[in-house]
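Structural description and commentary
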Amino acid sequence: MPTRDPFAPSPDDRFTFGLWTVGNPGADPFGGPTRPRYTPAQIVDLLGEVGGVYGVNFHDNDLIPIDATDAESKQIKKDFRAALRRNQIKVPMATTNLFSDPVFKDGAFTSNDAEVRAYAVQKTMKAMLLGKEFGAKTYVFWGGREGTESDATKDPVVAVQRFREAINYLCAFSRSEKLNYKFAFEAKPNEPRGHMYMATTGNYLAFIETLDHPEMCGVNPEFAHETMAGLNFVHHVAQALDAGKLFHIDLNDQEIGRYDQDFRFGSVNYKAAFFLCKLLTDYNYRGMKHFDSHAYRQADRGEVKAFAAGSMRSWKILEDKVARFNRDRTIQKLVRQINRSEKAAAAKLAKRFTKTNAKQLMALPIDKDKLAARKLPYETLDQLTMELLLGVR
Ligand code: GLT
Ligand code: MN
Ligand code: MN
């Protein structure tokens, strides 16, 4: 009997792809497509061939071209729906393309032109209805064009206000139409704008609290986006988790300081990928894991499938490494050793403020030199982690 591949993905893993990711034809700013453009139904069939995929996500115009006639749109939806059914693939998330068309050259919700802003809200409402037709539950907002090249061109405070106005409107729309969406905001520091507003996940966590319906809103952090700016992605995701705001996540990879690469998950920073996987596993994240990446420009259809399969496989391999880390006796002994007891008198007094606690803590003799001399075997712990990752442990 053939043994089961322990790293084979299954729909339970909640892995998703986008029509725009596996369907990416390989164009870049310096050259045209290197692969044919597949129809939405063909993309779903490709994912079906890969196997183990839970869902496929789309922008309004990935599914229905912006200038499609009603008849064309009807046919596309029919074909797409049939493909979803025959491949047993769901649509968990939808979003709006508010960046490709020239009308958005200076932003959508933050454009200086009030009519462009109105068009962006209108386009989003229509796209929200389209997403709902296919059962999407999460609605992503990535402000690709929300930003500036020169701050002479836009008041940055007004930009935030305009953004808030649009989101409040759309939250109200979702509620009034009973669409039941969870909104997930995706930050990015730059590209395609010189400077984008809401550059990090943390920016959005603060922004959400200023909205009319913060309970509907969370974040969709993307591995490559904080990484582009040289930041620690895992820490951003941790803060979102702590706030109960990790509604969705975009997995891919990126070298620090390069152009927006959207590489296959796990292909560059596999140590950071491991810590991300550990974080989501330890904190029992059950949301979608969306691979927001594209295959290399050299890839043909077979290689696109290899890219999709590889993305999921890398996650599964890392999950196995996490399990090994969490049951490795030597590693766990070190983890316990470095997390010092909370039972000591000083620690207890500093746990919760009361006037009495504070008074006692103030009076308590604490030997800082003794504390400073305590051992922190971090070199050993990190080396053991590396050995585990490199497969010799
Ligand atoms: C675009 C972007 C992604 C966003 C997508 C959602 S579109 O591909 O680079 O990071 O998640 O709008
Ligand atoms: Mn990206
Ligand atoms: Mn993304």
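As a starting point, this report considers the structure included with it. (Residues numbered from 1 in each chain as written. Chains lettered and ligands numbered in written order. Predicted model: local features only at pLDDT ≥ 70, side-chain atom pairs only at ≥ 80, totals over all residues. Heavy atoms only, no water.)

1. So, the sheet that holds strand β1 (residues 15–18)
Note the cut-off: Strand pairing is defined by DSSP finding a minimum of two bridges between the two strands. Runs of H or I in DSSP of at least four residues are treated as helices and runs of E of at least two as strands, each being numbered from the N terminus. Here, axes are lines fitted to C-alpha atoms. For helices the fit covers the stretch in contact, and angles between N-to-C directions go from 0 to 180 degrees.
With parallel pairing, eight strands are arranged side by side in an open sheet as β8-β6-β4-β3-β2-β1-β10-β9. At either end of the open sheet lies a strand with only one pairing partner, and these are β8 (217–219) and β9 (249–251). Here the strands of the sheet are splayed against their neighbours by 30° on average, with no regard to which way each runs. With five bridges joining them, strand β4 (residues 138–142) and strand β6 (residues 182–186) adopt parallel strand pairing.

2. Some remarks on the coordination of the manganese ion (ligand 2)
What counts, and what does not: Note: metal donors comprise N, O and S atoms at 2.8 Å or less from the metal (3.2 Å for Na, K and Ca); water molecules are not included, so apparent gaps in a site are possible. Buried, partly exposed and exposed residues are distinguished by accessible area as a fraction of the type maximum, computed with a 1.4 Å probe on protein chains only: under 20%, between the cut-offs, and over 50%, respectively.
Distances from the manganese ion (ligand 2) to its protein donors, E222 (OE), H225 (NE2) and D262 (OD), fall within 2.1 to 2.7 Å. Written as a sequence motif, the donor arrangement for the manganese ion (ligand 2) is E-x2-H-x36-D. Here the manganese ion (ligand 2) and the manganese ion (ligand 3) are spaced 4.4 Å apart, with E222 acting as a shared donor. Take E222 and H225: they sit in the same class, and that class is buried.

3. Notes on the coordination of the manganese ion (ligand 3)
Spelled out, the test is: The rule is simple: four donors are tetrahedral if all their angles sit between 85 and 135 degrees, four are square planar and six octahedral if opposite donors span more than 155 degrees and the others lie between 65 and 115, and anything that fits none of that is irregular.
For the manganese ion (ligand 3), every protein donor is listed as E186 (OE), E222 (OE), D250 (OD) and D292 (OD), and the spread of their distances is 1.9 to 2.2 Å. Seen from the manganese ion (ligand 3), its six donor atoms lie at angles of 75 to 167°, and the figure they make is octahedral.

4. So, the site of ligand 1
Put simply, the test is: Whether a residue is near a molecule or strand is decided by its heavy atoms; if any one of them lies within 4 Å of it, the residue is near. In the analysis that follows, any N or O atom pair within 3.5 Å is treated as a polar contact, provided that within protein one partner can donate a hydrogen and the other can accept it, and provided that, for residues neighboring in sequence, both atoms belong to side chains. Shrake-Rupley sampling with a 1.4 Å probe provides the accessible areas, and residues are treated as covered by the protein chains on show and by no other component. Classification used: nonpolar for Ala, Val, Leu, Ile, Met, Phe, Trp, Tyr, Cys and Pro, charged for Asp, Glu, Lys and Arg, polar for all others including Gly.
Within the structure, ligand 1 sits among W20, H59, T95, F99, W142, E186, E222, H225, D250 and D292. Within the side chain of E186, a nitrogen or oxygen atom sits 2.6 Å from an oxygen atom of ligand 1. Within the side chain of E222, a nitrogen or oxygen atom sits 2.7 Å from an oxygen atom of ligand 1. Starting from 310 Å² of accessible surface for ligand 1 in isolation, the protein chains cover 93%. Residues of the shell around ligand 1, tallied by class, amount to three nonpolar, three polar and four charged.

5. A few points about the pattern of salt bridges
Think of it this way: side chains of opposite charge can pair up when their charged atoms draw near. Using the following cut-off: Salt-bridge detection follows one rule: a side-chain nitrogen of Lys or Arg within 4 Å of a carboxyl oxygen of Asp or Glu.
For the structure on display, the rule yields 20 salt bridges. The partner of E319 in a salt bridge is K316, and the shortest N-O contact between them spans 3.6 Å. Within this pair, E319 and its partner K316 are both found in helix α11 (residues 301–327), separated by three residues, close to a single helical turn. Residue classification places E319 among the partly exposed positions, given a relative accessible area of 25%. With a relative accessible area of 14%, K316 lands in the buried category.

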